[in-house]
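Examination of the molecular architecture
Below, each chain spelled out in residue letters.
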Amino acid sequence: MRIIILVDMDAFYASCELVRKPNLKGKPVVVGADPNGRGVVSACNYEARKFGLHSGMPIAIAYRKCPNCVFLPVDMEYYVSVSNKIMKIMKKYADKMEQVSVDEAFLDVSSKTYEKAKEIARKIKTEILKKEKVTCSIGIGPNKLIAKIASSKNKPNGLTIVQPSGVQKFLDPLDVDEIYMVGPKTTAVLNEVGIETIKQLRSTPKSNLIEWFGEKFGHYLYNSSRGIDDVELGEEWTQKSIGRQYTFEKDTTDKDFVEKIMDEMTEDSFEQLRQQKFKTYKTVTIKVRYEDFSTFTKAKTLIANADSAEQAKNVAKELLNKFFNKKKIRLIGISLGKLK
């Protein structure tokens, strides 16, 4: 029997900042560029989220929504150093561990019982809080999908356990957007045909889901609504790329606006690259998702390693130009890869 734990740090970057700036406790905090500058929100605490702020939002919009927020620059070196210590704490409790990002990891504890897994989760929470003074939310389930959804419950500082016999009871009343990768647009399409809960999604014929969303995503929705996920944990985690993505509030064909957001994300990504002590990158990859959910990527490998944001912006613009047509764009993304 598989038992998977997902540990998700609560508002990690902002929480790290509050550790060294305790006077900010209770105030809305945004980690990103200066409010008068460019860039996007890298993270924000729960107080800031009450104003509708979220990661990936342009700083200018975040400032308009919450001018009283405390805006702090990204200090990735500090966050990574804290993350490394937290990952060491978690690893000693797991049979196998997959680090997903600087603030999230899956732990396989299948050699244990659910009661023991619950005990392990509590020990992890206690040790992280004691040593690093930050909280985490933990989900425990029979696979990665259920553990991931469970970890989002009772945030911050939550602990949610879903045993195999209780998977469908846990999933059925949830809104469809609780499923990983189901965003606002997918939710809107499902809601239009009367599908609002996972139980209603589970009752939908697979053929309908494939017709609406394509073969791959249709199958994913069908399986996810049943709690099916056979993906194994991968133990190795190395940062191969740094990037950002942004979903537009309204689908757009405004080329100037799209390029402006891409420039800001590129600058923000390059700044993060430098803060993590990488000096160069060799690939630039962009992603575009259209209004009909079709998603495409294009990448360019440079002849030599690049060491400036301007080079990345020029390549990104060159790649992006190939995507402007009559279709409206709902999401764009960029990543800088092969870091050194």
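Structure: see above.
What comes next is a walk through the structure. (Residues numbered from 1 in each chain as written. Predicted model: local features only at pLDDT ≥ 70, side-chain atom pairs only at ≥ 80, totals over all residues. Heavy atoms only, no water.)

**Overview of the packing of helix H4 (residues 76–91) against helix H5 (residues 114–132)**
Viewed as axis vectors pointing N to C, H4 and H5 meet at an angle of 150°, and their least axial separation amounts to 10 Å. Considering how the two elements wind past one another, H4 and H5 form a crossing that is right-handed. Judged by residue contacts, Val82, Lys85, Ile86, Ile89 and Met90 of H4 engage Ile124, Glu127, Ile128, Lys131 and Glu132 from H5. Within the contact of H4 with H5, the residues separate by chemical class into six nonpolar, no polar and four charged. (Axes fitted to C-alpha atoms, helices over the stretch in contact; angles between N-to-C directions. Helix = DSSP H or I, 4+ residues; strand = E, 2+ residues; numbered from the N terminus. Left-handed = near helix turned anticlockwise from the far one by under 90°. Contact = heavy atoms within 4.5 Å. Nonpolar A, V, L, I, M, F, W, Y, C, P; charged D, E, K, R; others polar.)

**Some words on the nonpolar core**
Ranked by internal contacts, the top residues of the largest apolar core, which has 42 residues, are Val30, Leu53, Tyr281, Ile332 and Leu336. Every element with two or more residues in this core is listed here: helix H3 (59–65), strand S9 (241–252), helix H12 (255–275), strand S10 (281–290), strand S11 (295–306), helix H13 (309–320) and strand S12 (329–337). Residue contacts for Ile332: discarding those within four places in its chain leaves Arg244, Gln245, Tyr246, Phe248, Val258, Ile261, Met262, Met265, Lys287 and Val288. Tyr79, Ile89, Leu107 and Ile138 belong to the second largest nonpolar core, which has 37 residues in total. (Core = buried A, V, L, I, M, F, W, Y, C linked by side-chain atoms within 4.5 Å. Buried < 20%, exposed > 50% of the residue type's maximum accessible area, 1.4 Å probe, protein only.)

**Observations regarding the packing of aromatic side chains**
Two aromatic rings are characterised by how far apart their centres lie and by the angle between their planes. Per the stated rule, a full pass over the model turns up 11 aromatic pairs. Summarising the aromatic geometry, the rings of Phe270 and Tyr281 are spaced 6.3 Å apart at their centres and angled 80° between planes, so their arrangement reads as edge-to-face. With a gap of 11 residues between them, Phe270 in helix H12 and Tyr281 in strand S10 connect regions that are remote in the sequence. When its relative accessible area of 0% is taken as the criterion, Tyr281 is described as buried. Ring geometry for Tyr290 versus Phe296: centroids 6.0 Å apart, planes at 65°, classification edge-to-face. Accessibility expressed as a relative area gives 3% for Tyr290, which makes it buried. (Phe/Tyr/Trp six-rings, centres within 6.5 Å; stacked < 30°, edge-to-face > 60°.)

**With respect to the pattern of salt bridges**
Note that side chains of opposite charge can pair when their charged atoms are close. Tallying each qualifying case throughout the model produces 22 salt bridges. For the salt bridge of Lys112 with Asp95, the shortest nitrogen-to-oxygen distance reads 3.5 Å. In this pair, Lys112 is assigned in the loop between strand S6 (104–108) and H5 and Asp95 in the loop between H4 and strand S5 (96–101), connecting sequence segments 17 residues apart. With a relative accessible area of 28%, Lys112 lands in the partly exposed category. Across the salt bridge formed by Lys327 and Asp292, the nearest N and O atoms sit 3.1 Å from each other. In this pair, Lys327 sits in the loop between H13 and S12 while Asp292 sits in the loop between S10 and S11, placing the two residues 35 residues apart along the sequence. Its relative accessible area of 41% is what places Asp292 among the partly exposed residues. (Salt bridge = Lys/Arg side-chain N within 4 Å of Asp/Glu carboxyl O.)

**Looking at helix H6 (residues 144–151)**
Counted residue by residue, H6 has seven buried out of eight residues, so it is predominantly covered. Inspection of H6 places Lys144, Leu145, Ile146, Ala147, Ile149, Ala150 and Ser151 among the buried residues, and these make up the whole buried set.

**Considerations on the layout of surface pockets**
Here the second largest pocket is characterised by a volume of approximately 360 Å³. As for the second largest pocket, its lining consists of 16 residues, and the residues nearest its centre are Ser15, Leu18, Lys25, Lys133 and Thr135. Listed by contribution, the elements that provide at least two residues to the lining of the second largest pocket are helix H1 (12–20) and helix H2 (46–49). It is H1 that provides the largest number of residues to the lining of the second largest pocket, a total of three residues. Here the residues of the lining of the second largest pocket are counted per class, giving eight nonpolar, four polar and four charged. (1 Å grid on protein atoms, 1.4 Å probe; cavity = no way out; pocket = protein on both sides within 12 Å on 5 of 7 lines; lining within 4 Å. Points joined across faces, edges and corners; volume = space filled by probe spheres on them.)

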